[in-house]
Amino acid sequence: MLENKLGLTNFSELAESVFRKIKLKDGYVKVPQYWIILGDPQKAMESRYAGVVEVKNGHRFDAPHFVFFSNIKYAEDYPDEMKNEILEQCVKEVPRFQEIIEKCEYLKKYASNRQDDEGYMKGPEIGFFNIFEENDPSLREDYIPPYGCMIVRDDGR
């Protein structure tokens, strides 16, 4: 059997090697190795859910992905106070992220018609996204998790 430079012998091993598994209260979350984990590792073990901070057009601004932990399942339920605390943690981990936040605030304030404003369309926009649980009944059968991220429960739910 052929081995690659990492010494892995099959594609499944190679695919899994690019992820890290972080223990949650009753399972784990699987995210890419290169994503930045926010907060105390103990917070993850006390949380049931994980989410991601992602920047629209992030490749243009060298914006990393950030993973955070909470007991709130869906992103639409994240309170503003929580989002602000998460953004502070992002800046603490990557100080230049403050420039992206300021650019987003500027574009929100001054972009006249967002769909027609080229600066806005090419600019950054910060989003908060929940990571779905494996086999979540609200997802379509053909759902493919972004970047392969998912929450797996200890009981396999």
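What comes next is a walk through the structure. This structure is a prediction, so every number in the text was calculated from the model and none was measured. (Residues numbered from 1 in each chain as written. Predicted model: local features only at pLDDT ≥ 70, side-chain atom pairs only at ≥ 80, totals over all residues. Heavy atoms only, no water.)

**What to know about the packing of aromatic side chains**
For the structure shown, the criterion picks out six aromatic pairs. Summarising the aromatic geometry, the rings of F68 and Y78 are spaced 5.4 Å apart at their centres and angled 75° between planes, so their arrangement reads as edge-to-face. Placement of F68 in strand β5 (residues 66-70) and of Y78 in the loop between β5 and α3 (80-93) is noted, with a sequence separation of 10 residues between them. For the pair shown, F68 and Y78 are each scored as buried. Pairing F132 with Y143 gives two aromatic rings, centres 5.7 Å apart and planes at 75°, and the pair type is edge-to-face. (Phe/Tyr/Trp six-rings, centres within 6.5 Å; stacked < 30°, edge-to-face > 60°. Helix = DSSP H or I, 4+ residues; strand = E, 2+ residues; numbered from the N terminus. Buried < 20%, exposed > 50% of the residue type's maximum accessible area, 1.4 Å probe, protein only.)

**Thoughts on the sheet that holds strand β7 (residues 150-153)**
The strands making up a sheet associate through hydrogen bonds between their backbones, and the pairing can be parallel or antiparallel. As summarised here, the arrangement of the three strands in space is β1-β2-β7, forming an open sheet in which the pairing is antiparallel. Bordering the open sheet on either side are β1 (19-24) and β7, each of which pairs with just one other strand. When the angles between neighbouring strand axes are averaged without regard to direction, this sheet yields 25°. Summarising the sheet, β1 and strand β2 (residues 27-32) pair through six bridges and their orientation is antiparallel. Pairing of I22 across the sheet is with V29, part of β2. (Pairing = 2+ DSSP bridges. Axes fitted to C-alpha atoms, helices over the stretch in contact; angles between N-to-C directions.)

**As for unusual backbone geometry**
Positive phi outside glycine occurs at N57, with the angle close to 60°. Residue N57 is classed as buried on the basis of its relative accessible area, which comes to 16%.

**Structural notes on helix α4 (residues 97-110)**
With 14 residues, α4 extends 20 Å from end C-alpha to end C-alpha; this agrees with the ideal 20 Å at 1.5 Å per step. Along α4, the positions that sit buried rather than exposed are F97, I100, I101, C104 and L107. Along α4, the residues classed as buried sweep out an arc of 130° about the axis, all on the same side. Seen from the buried face of α4, the exposed residues on the opposite side, beyond 90 degrees, are E99 and K109. On its buried face, α4 sits against β4 (49-56), β5, α3, α5 (118-122) and β6 (125-130). (Expected span 1.5 Å × (residues − 1). Arc of directions from axis to C-beta. Contact = heavy atoms within 4.5 Å.)

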